[in-house]
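Read off the chains here:
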Amino acid sequence: MPFRTNRTTLTQYLIEERRRYPSASGDFNALILDVAMACKQIAKAVAYGELAGLHGEHNEDAGGSINFQGEAQKKLDVLSNDIFIKTTEWGGHLLGMASEEMDEALDIPEGNPKGRYLIVFDPLDGSSNIDVNVSVGSIFSILRAPDDATAPIQEEVFLQPGSQQVAAGYALYGPSTMLILTVGNGVVGFTLDPALGEFMLTHPSITIPEDTQEFAINTSNSRFWEAPVKRYVDECLAGSTGPRGKDFNMRWIASMVAEAHRILMRGGVFMYPRDTKDPSKAGKLRLLYEANPVGMIIEQAGGRASTGSYPMLDVKPTELHQRIGLVFGSKNEVERIERYHNEPIEEKGEDMPLFAERSLFRD
Ligand code: AHG
Ligand code: MN
Ligand code: MN
């Protein structure tokens, strides 16, 4: 490996960014470094895997455990959540935190100094992929606590639209471990140098091409899709013989964080739309710790993030664990999908050939 001495570390990047804001206290940088530490520890746990007995379900002996959202918890989900808490609660930068794996928001322990930031995280995204050794990741969103917020923390303080995020990022535990970060000034990527234990700036300016010929959706749900999604996917599948006049490729990793990374690296569109599978759920993915942070990163890289109909970052959350339809990626494709959703829908029938006769997914 060529020996480079001029790589920028994450610490150096943050200090140089901070110099542009002479009044900044340094709290924010310290918080990001704590989050990076959490990600390094999770990367290590994920890499050790079954060597450390870390594959499989949490509480295996008791028949597994289901979190309050009705999803099976893996050992690594619970461990990653603990790591996030332990590495960020001591520093004095946070007023509270919330996570996919915790029913309620968590206060900073009594006696610890408190700060003005809030963190919301998905400690391990794609955890159904752990035991098959496919990429997983951690996603985080940083918000400012409202001025009048105090401990004990109330759920309401987290219910801020994605446009108010101060920063967002994710770590991807793949062939190499990466940290992708936005502080509202573009998107940068760092690769973990495992020998130094440092994140090194390897992707100084990530941008998403506006057009793409690659889409990602779980087609096993196709019978539950709404008409605009069916139409969009049908047109992609029709390829060069259909209205799009070009062939499309398809991918589905089932780790949203890995799909987001692919799209940041080479473009594409990701859809986990609202569907009719379970009418009690407005989508599968969660607004505060999946859709919003990934949405901010994608938009900062020149892409677009949407509910399918309107910009994700404008949504005013109503619940900590709120679910939502999510579409993101190359701008022109996401805008097309929004157009399909916003076009007036005529009754399903003969005047809607794409939704009926010509639908490749017609029932
Ligand atoms: P998590 O592991 O945090 O619960 O999230 C999994 C999510 C997301 O990463 C992925 O895109 C999606 O679930 C996969 O869903 P399907 O199993 O329906 O394909
Ligand atoms: Mn997730
Ligand atoms: Mn998760």
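Residues numbered from 1 in each chain as written. Chains lettered and ligands numbered in written order. Predicted model: local features only at pLDDT ≥ 70, side-chain atom pairs only at ≥ 80, totals over all residues. Heavy atoms only, no water.

Peer 1: Just to check I follow, could you spell out the overall build of the protein for this structure?
Peer 2: A count of helical and extended segments in the protein gives seven helices and 17 strands. Against the globule reference of 21 Å for 363 residues, the protein gives a C-alpha radius of gyration of 21 Å, in line with a compact fold. Taking all 363 residues of the protein together, the buried fraction comes to 54%. Surface summary for the protein: the accessible area is close to 16500 Å², and the carbon and sulfur share equals 49%. Considering the protein, the positive charge centre built from 35 side chains and the negative charge centre built from 51 side chains are found 5 Å apart. (Helix = DSSP H or I, 4+ residues; strand = E, 2+ residues; numbered from the N terminus. Rg over C-alpha atoms; globule rule 2.2 N^0.38 Å. Buried < 20%, exposed > 50% of the residue type's maximum accessible area, 1.4 Å probe, protein only. Areas by Shrake-Rupley, 256 points an atom, 1.4 Å probe, with all protein chains shown as cover. Lys, Arg positive; Asp, Glu negative; His and termini not counted. Charge placed at Lys NZ, Arg CZ, Asp CG, Glu CD.)

Peer 1: Which parts of the structure should I look at to understand the packing of helix α1 (residues 10–18) against helix α2 (residues 27–48)?
Peer 2: The relative placement of two packed helices is expressed as an angle between their axes plus a distance between the axes. At a closest axis distance of 10 Å, the pairing of α1 and α2 adopts a crossing angle of 160°. With respect to α2, the axis of α1 lies roughly antiparallel. For the pair α1 and α2, the sense of crossing is right-handed. The residues of α2 that touch α1, namely those facing Leu10, Thr11, Leu14, Ile15 and Arg18, are Asn29, Ile32, Leu33 and Ala36. The residue inventory of the contact of α1 with α2, partitioned by class, reads six nonpolar, two polar and one charged. (Axes fitted to C-alpha atoms, helices over the stretch in contact; angles between N-to-C directions. Parallel < 35°, antiparallel > 145°, perpendicular 65-115°, else oblique. Left-handed = near helix turned anticlockwise from the far one by under 90°. Contact = heavy atoms within 4.5 Å. Nonpolar A, V, L, I, M, F, W, Y, C, P; charged D, E, K, R; others polar.)

Peer 1: Please clarify how the coordination of the manganese ion (ligand 3) should be interpreted in this entry.
Peer 2: Tetrahedral coordination by four donors places them ideally at 109.5 degrees to one another around the metal; octahedral coordination by six donors ideally gives 90 or 180 degrees. The manganese ion (ligand 3) binds to the protein through Glu100 (OE), Asp122 (OD) and Leu124 (O); the donor distances cover 2.3 to 2.8 Å. As a motif over one chain, the donors of the manganese ion (ligand 3) read E-x21-D-x1-L. Here the manganese ion (ligand 3) and the manganese ion (ligand 2) are spaced 3.7 Å apart, with Asp122 acting as a shared donor. Of the two residues, Asp122 and Leu124, neither departs from the other in class, the shared state being buried. (Donors = N, O, S within 2.8 Å, 3.2 Å for Na, K, Ca; no water.)

Read these as layout, nothing more, since geometry by itself doesn't imply function.
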